[in-house]
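Remarks on the overall topology
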Amino acid sequence: VAKNTDCKSVDDYKKEIRTTLEDEAKTSAQNTLRETAWNTVLSASEVKEYPQEDLDTAKTEFRSLYENYAKQGDMTLEDFVKAQGISMDDFEEQSGQYAEFKVKQNLIVQYIMDEENLSVDDKEAEALDKKLLQQYGATDISEVVDLYGEREVNETRALLRVEKFIVDQAEV
């Protein structure tokens, strides 16, 4: 053990492994709780009207994402979609479903933030950014902004803030 790890003894190694496994289990449990709480709110919520401009923007984002994937494979979007085993009509349908989901999520997040006077610019913003960096595997928030854009980063920050609020309010 001493030869192949940073531990000096088998007991130290066992302690390190135990700590690592416990930390991973805690993180997994927290993520499951957060996701379950958010999905409960999301599925129990109803959007009465989707702003067309937001739907169009989300569809454009979806299409751009797949165009980038196609470009990386030196393909056209149509060829890339076909290689995925779906038709362009199915792709357009998926684009619409994605747009509705994304807009619904953003509307619910904004509603909760407004109703509960939540902000991403408060004392919890630093913790949100740490979680965001961990989620994207980055070391600096500017890396994430450069990669995904300010809008996407702000949407993710808001979602993380609302998820934390929901979990804090939940009876577990």
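Scope of this entry: the structure provided in the associated data block.

Rules used in this analysis
- Residues numbered from 1 in each chain as written.
- Predicted model: local features only at pLDDT ≥ 70, side-chain atom pairs only at ≥ 80, totals over all residues.
- Heavy atoms only, no water.
- Core = buried A, V, L, I, M, F, W, Y, C linked by side-chain atoms within 4.5 Å.
- Buried < 20%, exposed > 50% of the residue type's maximum accessible area, 1.4 Å probe, protein only.
- Helix = DSSP H or I, 4+ residues; strand = E, 2+ residues; numbered from the N terminus.
- Contact = heavy atoms within 4.5 Å.
- Salt bridge = Lys/Arg side-chain N within 4 Å of Asp/Glu carboxyl O.

Here's the deal with the nonpolar core
The biggest cluster of nonpolar side chains holds 22 residues, and the ones touching the most others in it are W38, V109, I112, M113, L118, V162 and I166. Listed by contribution, the elements that provide at least two residues to this core are α1 (10-44), α4 (88-115), α5 (125-136) and α7 (150-169). At eight residues, the largest contribution of residues to this core is made by α7. If sequence neighbours within four positions are ignored, I166 has contacts with A37, W38, V41 and I112.

Quick notes on the pattern of salt bridges
A full pass over the atoms with the stated rule returns 10 salt bridges. We note a salt bridge from R151 to E155, for which the minimum N-O separation is 3.3 Å. On the criterion of helical spacing, the pair formed by R151 and E155 is a turn pair, its members being four residues apart in helix α7. Owing to a relative accessible area of 42%, R151 belongs among the partly exposed residues under this scheme. K164 is the salt-bridge partner of D168, the closest N and O atoms lying 2.7 Å from each other. Note that D168 and K164 are positioned in helix α7 at a spacing of four residues, about one turn of the helix. Owing to a relative accessible area of 46%, D168 belongs among the partly exposed residues under this scheme.

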